[in-house]
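Report on the structure
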Amino acid sequence: PEFAFVYSHDLLHDMVDPRSLIKDVHCRLAPRGGSCWVVVDVKCKPTLEENLTNRAAATNYGFSCLLCLSCATSCPHAEGLGTMGFHTALAHQWMTDAGFEHFEEIEIKSKPDNSCFIVA
């Protein structure tokens, strides 16, 4: 089936193989104009040092150790991103690699600890 709209919230950083899902969503989005994927995930930076400036860093790394990483590393060759692993630059790279031509990050004022990406 094809979809005009896909929404995901806080799941890519938990996945063993998030790149496969990204590629699959790209293949399943309807080719006609106007279809898109809205991705909401934990707002983070590429390095530990940058992430430690985040007011929620201790909580996010705690959840990551207890939940996210146990999911994201549950199979051999897993990505193992964890809560603070799916940063904007990585998201953009993986979306581009999968064939998406549009990548936009928008701010959700009611969710300051989340990144929101619109890809098409």
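Report on the accompanying structure. (Residues numbered from 1 in each chain as written. Predicted model: local features only at pLDDT ≥ 70, side-chain atom pairs only at ≥ 80, totals over all residues. Heavy atoms only, no water.)

Notes on the nonpolar core
Across soluble globular proteins, nonpolar side chains show a tendency to be buried alongside one another. Within the largest apolar cluster, 18 residues are counted, with the highest numbers of intra-cluster contacts made by Leu12, Ile22, Trp37, Val39, Phe86, Met95 and Phe100. The set of elements that each furnish at least two residues to this core consists of helix H1 (18-28), strand E2 (36-42), helix H4 (88-97) and strand E4 (114-119). For this core, the element with the most residues is H4, which contributes four residues. (Core = buried A, V, L, I, M, F, W, Y, C linked by side-chain atoms within 4.5 Å. Buried < 20%, exposed > 50% of the residue type's maximum accessible area, 1.4 Å probe, protein only. Helix = DSSP H or I, 4+ residues; strand = E, 2+ residues; numbered from the N terminus.)

Side note on H4
Among all positions in H4, only Leu90, Ala91, Trp94 and Met95 are buried. Buried residues of H4, seen end-on, are gathered within an arc of 130° and therefore sit on one face of the element. Contacts from the buried residues of H4 go to H1, E2, strand E3 (103-106) and E4. Within two residues after H4, Gly99 carries a phi angle of roughly 110°, on the positive side. (Arc of directions from axis to C-beta. Contact = heavy atoms within 4.5 Å.)

Observations concerning the side chain of Ser35
Mapped onto the secondary structure, Ser35 falls in the loop between H1 and E2. Here Ser35 is in contact with Phe3, Ala4, Leu29, Ala30 and Ala120, once residues within four sequence places are set aside.

What to know about the packing of aromatic side chains
A full pass over the atoms with the stated rule returns four aromatic pairs. Between Phe86 and Trp94, the aromatic rings sit 6.1 Å apart at their centres with planes inclined by 45°, giving tilted as the arrangement. Among the residues examined, Trp94 registers a relative accessible area of 7% and is labelled buried. On the numbers, 6.3 Å between centres and 80° between planes, the contact of Phe86 with Phe117 is edge-to-face. (Phe/Tyr/Trp six-rings, centres within 6.5 Å; stacked < 30°, edge-to-face > 60°.)

Limitation: the analysis is restricted to geometry and does not speak to function.
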